[in-house]
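# A structural walkthrough
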Protein chains: 2
Amino acid sequence: MERSISLFEKDIKGEKVSIPNGYSAVIGKEKRMHLLEKRIDQIQAPDKKTYEAARERLRNQARPAGSLGALEEVGARLAGIFRTLDVHLHEKVVVTCAGDHGICAEGVSLFPSEVTPQMVYNFVDGGASINVLARHAGARVRVADIGVNWDFEPDLPIFHKKVRKGTGNFAVEPAMTREEARQSIEAGIEIVEALLEDGPVHILGTGDMGIGNTSPSTAIIAVYSGLPIPQLTGRGAGVDDEGLRRKIVAVEKGLKRHRPDPKDPLGVLSKVGGLEIGALAGLVIGAAAYGLPVVCDGFIATAGAMLACELAPQAKSYLFASHNSVEVGHGFMLKYLGLRPLLDLEFRLGEGTGAALAMELIDAATRILADIKTFEEVAIQDAQSGR
Amino acid sequence: MERSISLFEKDIKGEKVSIPNGYSAVIGKEKRMHLLEKRIDQIQAPDKKTYEAARERLRNQARPAGSLGALEEVGARLAGIFRTLDVHLHEKVVVTCAGDHGICAEGVSLFPSEVTPQMVYNFVDGGASINVLARHAGARVRVADIGVNWDFEPDLPIFHKKVRKGTGNFAVEPAMTREEARQSIEAGIEIVEALLEDGPVHILGTGDMGIGNTSPSTAIIAVYSGLPIPQLTGRGAGVDDEGLRRKIVAVEKGLKRHRPDPKDPLGVLSKVGGLEIGALAGLVIGAAAYGLPVVCDGFIATAGAMLACELAPQAKSYLFASHNSVEVGHGFMLKYLGLRPLLDLEFRLGEGTGAALAMELIDAATRILADIKTFEEVAIQDAQSGR
């Protein structure tokens with residue numbers, strides 16, 4: 001965790017630096033304990049003038065006004081974020097955060113916890129779903145261990161950000177301490193900083209891996225929606241009816257025990273978890289702090305995004321929803337956030353797969369805005385062609 | 001029209017030839033008048049065994065079964081079409097068919113008919129919406145004049161397939177003769193053959209340009225759904241309430257006058273039009289005849305696809321729906337065809353824009369099938385890594 005920050009300090013010596021998106025920020029000799037608050041303070045609003053100029057250009061293009069639907073707003077939002085009408089998202093990165101979950105002891109998941117580290121290795125080897133979909137989208141995949149119950153080799157090319165080896169079983173105990181919750185969020189922020197140190201990043205996707213992690217995500221949306229658990233609980237990777245009942249009971253038990261206060265997102269995270277969900281929140285806050293658009297994946301990544309927006313409502317200006325998951329609670333999360341998903345393909349996988357696929361549409365939105373000619377531009381071209 | 005066919009004959013001398021997808025077909029000394037029926041007869045069913053093998057591979061991949069939703073079925077269907085689990089859609093082509101519409105005399109459209117040829121020039125110049133979205137998808141755009149009311153320069157790089165200069169006003173007369181309807185469909189088939197002559201094509205997208213063409217499309221879905229016109233009529237490029245009322249009246253008048261028989265698709269086309277809709281039907285039949293997947297765009301392209309499937313129900317195995325248009329009748333068409341659109345982004349543009357964007361998802365589906373490792377492949381790799 002210290003590694004990336006210290007490198008960052010060495011590079012920039014606590015001075016005001018330019019970062020890839022044209023924003024600048026003072027980054028440097030800060031106390032680690034205050035990283036979260038500093039990055040929240042650092043978030044600037046996207047540029048409204050450029051956003052308006054983008055909407056105007058879209059209206060003037062040689063096609064019926066509004067005819068490219070939801071991608072028009074995506075393009076205009078990106079223009080506001082990057083302060084230009086000609087956005088190029090060359091460097092795309094999906095960060096897949098992994099963690100284990102004590103709640104698995106309640107029999108809530110189809111797969112055993114051992115699958116979490118196995119999948120981390122599968123990501124590193126490049127043959128998993130997220131590798132395939134990220135490759136298709138022209139995105140890199142970076143994997144982060146936030147809380148896997150496994151000792152990875154130190155030279156394994158992942159972000160080694162383990163806060164602890166899995167959460168506590170939140171049905172009977174807090175998932176983690178408040179300090180661990182903060183650490184998991186700051187791990188996400190530090191990952192963004194480490195990525196930016198390595199070179200330009202133009203868009204970030206968030207993804208998850210963690211057997212059992214639909215249970216804490218269900219608990220989180222329950223806290224914020226106030227809806228009954230059975231209405232919010234899905235089958236995750238595919239538990240049967242009996243497993244679904246156990247899951248509902250476990251989440252209800254945990255919420256009854258801990259009574260998380262929605263106004264205290266750090267408390268919610270520490271009480272119901274999970275560690276990778278904290279990092280997923282941190283990725284959103286980190287991206288927003290550095291003026292980067294961030295695309296959240298499905299149910300678990302959006303749980304993280306929700307906590308991020310509770311901690312830093314202004315982060316939402318940088319947040320894009322990739323898809324609508326089969327997992328029933330996801331729709332309630334998107335509604336709560338007021339985000340429109342770009343895809344609805346019955347995905348229920350996680351890993352960042354929806355985020356990767358949506359990046360292709362988001363990229364298309366940048367080309368729509370910049371490259372489709374306006375009526376005026378067409379007229380000029382026609383005059384030049386002698387038509 | 002004769003050009004491509006005669007070249008084709010010269011190349012293959014009426015012999016049995018291999019075509020890019022591994023199918024073979026006898027193409028050659030055929031009488032032009034029978035092209036449509038010959039190509040319908042030529043359509044073969046995709047390979048069921050390869051489809052089943054694909055479904056099996058998808059089930060065995062190291063992820064929850066079914067977790068990549070609708071793209072799994074797309075991948076499996078493509079496997080059946082190409083008879084391999086490793087499909088590569090390198091050569092993508094969107095064909096945008098243009099035509100004018102006599103029904104514009106009824107005041108049904110926001111834009112004047114002059115916009116149709118202007119947009120054809122815009123397509124050729126590369127600055128239109130379809131150019132931008134096709135470029136993003138890695139697809140070529142080819143434009144075809146099937147019935148534009150304009151004399152294009154003979155050296156303009158488009159398919160010159162004009163059947164007549166716009167349709168008749170179907171509110172008061174037939175849109176075209178039965179022979180012209182056949183010619184417009186055969187123009188679409190000939191375009192597929194001309195493309196295949198030029199080199200490999202792995203997937204075809206269909207798109208339209210034609211001021212006024214939501215009116216004939218509305219008439220077509222009315223014929224096949226039997227639903228009342230007001231329920232099927234949308235605002236096209238954006239007519240106001242008064243224009244919408246005129247459009248409903250015009251379509252109702254046309255259908256009352258001609259009483260098209262749904263069992264006679266050629267009759268439906270000749271009575272309500274349009275010329276580019278015929279070609280869009282021909283593209284689907286041509287693609288199916290040569291074993292090519294074909295992605296239909298929105299309301300107008302799907303009207304063509306409906307007529308194609310009425311003429312040749314077996315063509316549907318090659319047909320993919322790209323998106324769900326804002327135009328209200330489109331949902332009824334997709335329902336009638338039993339096709340699931342991949343995107344729902346509130347597009348209402350045409351040109352092939354939805355088809356181009358969906359090609360990226362369809363391409364992703366091929367990678368999902370081929371490249372995501374199965375549990376067995378992961379185990380082999382782990383053993384090799386000494387884990």
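Residues numbered from 1 in each chain as written. Chains lettered and ligands numbered in written order. Predicted model: local features only at pLDDT ≥ 70, side-chain atom pairs only at ≥ 80, totals over all residues. Heavy atoms only, no water.

### As for the overall build of chain A
Broken down by element type, chain A carries 16 helices and eight strands. A compact globule built from 387 residues would reach a C-alpha radius of gyration of about 21 Å, and chain A, at 21 Å, matches this within 12%. Projected onto its principal axes, the C-alpha coordinates of chain A cover approximately 75 × 50 × 40 Å. Within chain A, the fraction of its 387 residues that count as buried is 64%. For chain A, long-range pairs separated by at least 24 residues make up 75% of all intrachain contacts whose partners lie at least 6 apart in sequence. Accessible surface computed for chain A: about 13700 Å², of which carbon and sulfur atoms make up 52%. (Helix = DSSP H or I, 4+ residues; strand = E, 2+ residues; numbered from the N terminus. Rg over C-alpha atoms; globule rule 2.2 N^0.38 Å. Buried < 20%, exposed > 50% of the residue type's maximum accessible area, 1.4 Å probe, protein only. Contact = heavy atoms within 4.5 Å. Areas by Shrake-Rupley, 256 points an atom, 1.4 Å probe, with all protein chains shown as cover.)

### Overview of the relation of the copies chain A and chain B
Each copy of the sequence occupies a distinct position, and chain A is placed on chain B by a rotation of 180° and an axial shift of 0.0 Å, giving an RMSD of 0.0 Å. Both copies are brought into coincidence by an operation consistent with a two-fold rotation axis. Nearest to the rotation axis, the C-alpha of Leu343(A) is located 3.2 Å from it, this being the minimum over chain A. In this assembly, 100% of the residues forming the interface of chain A have copies in chain B that are likewise at the interface, indicating an isologous arrangement. (Least-squares fit on C-alpha atoms with pLDDT ≥ 70 in both.)

### Some thoughts on the pairing of strand β3 (residues 92-99) of chain A
Residue and element names in this part refer to chain A. Counting buried positions along β3 yields eight of eight residues, so the element is predominantly enclosed. Along β3, one buried face is formed by Lys92, Val94, Thr96 and Ala98 and the opposite face, lined by Val93, Val95, Cys97 and Gly99, is buried too. Alignment of β3 against strand β4 (residues 139-147), held across eight bridges, turns out to be parallel. Residue pairing in the sheet places valine 95 in a bridge with arginine 142 of β4. Pairing between β3 and strand β6 (residues 203-209): seven bridges, direction parallel. Bridge pairing in β6 places valine 94 opposite glycine 205. (Pairing = 2+ DSSP bridges.)

### Regarding the sheet that holds β4(A)
Residue and element names in this part refer to chain A. An order of β5-β4-β3-β6-β7-β8 is seen for the six strands of this open sheet, with the pairing classed as parallel. If you trace the sheet from one side to the other, it starts and ends with β5 (159-160) and β8 (319-321), each paired once. The sheet contacts of helix α6 (residues 129-137) involve β3 and β4, and relative to β4 the element is tilted by about 145°. Packing of helix α15 (residues 353-371) onto the sheet brings it into contact with β3, β4, β6, β7 (294-296) and β8, and relative to β6 it is tilted by some 165°. (Axes fitted to C-alpha atoms, helices over the stretch in contact; angles between N-to-C directions.)

### Examining the side chain of His258(A)
All names here are of chain A. Within the element layout of this structure, histidine 258 appears in helix α10 (residues 241-258). For histidine 258, a relative accessible area of 11% gives the class buried. Within the structure, histidine 258 has its side chain in polar contact with the backbone oxygen of phenylalanine 170 (distance 2.8 Å). At 3.2 Å, the side chain of histidine 258 and the backbone oxygen of glutamate 173 are in polar contact. Discounting chain neighbours no more than four positions away, the residues touching histidine 258 are Phe170, Glu173, Pro174 and Lys271. (Polar contact = N/O pair within 3.5 Å; in protein donor to acceptor, adjacent residues only side chain to side chain.)

### Topic: helix α13 (residues 299-311) of chain A
Residues and elements named next belong to chain A. Helix length check: α13, at 13 residues, gives a terminal C-alpha distance of 19 Å against a target of 18 Å (1.5 Å per residue), a fit within 8%. In terms of burial, α13 is largely enclosed, as eleven of its 13 residues are buried. Burial in α13 covers these residues: Phe299, Ile300, Ala301, Thr302, Ala303, Gly304, Ala305, Met306, Leu307, Ala308 and Cys309. (Expected span 1.5 Å × (residues − 1).)

### Considering the nonpolar core
As a rule of thumb, soluble globular proteins bury nonpolar side chains together. Within the largest apolar cluster, 266 residues are counted, with the highest numbers of intra-cluster contacts made by Leu204(A) and Leu204(B). Beyond its immediate sequence surroundings of up to four residues, Leu204(B) is in contact with Val93(B), Val95(B), Val192(B), Leu195(B), Leu283(B), Ala287(B), Pro293(B), Val294(B), Val295(B) and Met359(B). (Core = buried A, V, L, I, M, F, W, Y, C linked by side-chain atoms within 4.5 Å.)

### Some points on helix α10 (residues 241-258) of chain B
All names here are of chain B. Helix length check: α10, at 18 residues, gives a terminal C-alpha distance of 26 Å against a target of 26 Å (1.5 Å per residue), a fit within 8%. Within α10, the full set of buried residues consists of Gly243, Leu244, Lys247, Ile248, Ala250, Val251, Gly254, Leu255 and His258. Buried residues in α10, looked at end-on, bunch into an arc of 165°, giving them a common side. Away from its buried face, by an angle of more than 90 degrees, α10 presents the exposed residues Val249, Lys256 and Arg257. Against α8 (214-225), α9 (229-232) and α11 (265-272) lie the buried residues of α10. Remark: arginine 259 follows α10 within two positions and exhibits a positive phi of approximately 40°. (Arc of directions from axis to C-beta.)

### Here's the deal with the packing of α6(A) against α15(A)
Residue and element names in this part refer to chain A. At a minimum axis distance of 8 Å, the contact between α6 and α15 shows a crossing angle of 10°. Relative to α15, α6 is oriented roughly parallel. Of the residues in α15, those in contact with Ser129, Ile130, Leu133, Ala134, His136 and Ala137 of α6 are Thr353, Ala356, Leu357 and Glu360. A class-by-class count of the residues in the contact of α6 with α15 yields six nonpolar, three polar and one charged. (Parallel < 35°, antiparallel > 145°, perpendicular 65-115°, else oblique. Nonpolar A, V, L, I, M, F, W, Y, C, P; charged D, E, K, R; others polar.)

### Some remarks on the packing of aromatic side chains
Following the criterion strictly, the structure yields four aromatic pairs over all chains and no others. When the ring of Tyr121(B) is compared with that of Phe152(B), the centres are 5.4 Å apart and the planes differ by 65°; the resulting orientation is edge-to-face. On the criterion of sequence distance, the pair formed by Tyr121(B) in helix α5 (residues 115-125) and Phe152(B) in the loop between β4 (139-147) and β5 (159-160) is long-range, its members being 31 residues apart. Given the relative accessible area of 7%, Tyr121(B) is considered buried. Relative to Tyr336(B), the ring of Tyr224(B) has its centre 5.8 Å away and its plane inclined at 50°; by these criteria the two rings are tilted. Linking Tyr224(B) in helix α8 with Tyr336(B) in helix α14 (residues 328-337), this pair joins segments that are 112 residues apart in sequence. For the cation-ring pair, Arg77(A) lies above Phe320(A), with the distance from its terminal atom to the ring centre recorded as 3.9 Å. (Phe/Tyr/Trp six-rings, centres within 6.5 Å; stacked < 30°, edge-to-face > 60°. Lys NZ or Arg CZ within 6 Å of the ring centre and 35° of its normal.)

### Focus: the sheet that holds strand β6 (residues 203-209) of chain B
Across the sheet, which stays open at both edges, the six strands sit in the order β5-β4-β3-β6-β7-β8 (chain B) with parallel pairing between neighbours. The open sheet has two edge strands, β5 and β8 (319-321) of chain B, and neither has a second partner.

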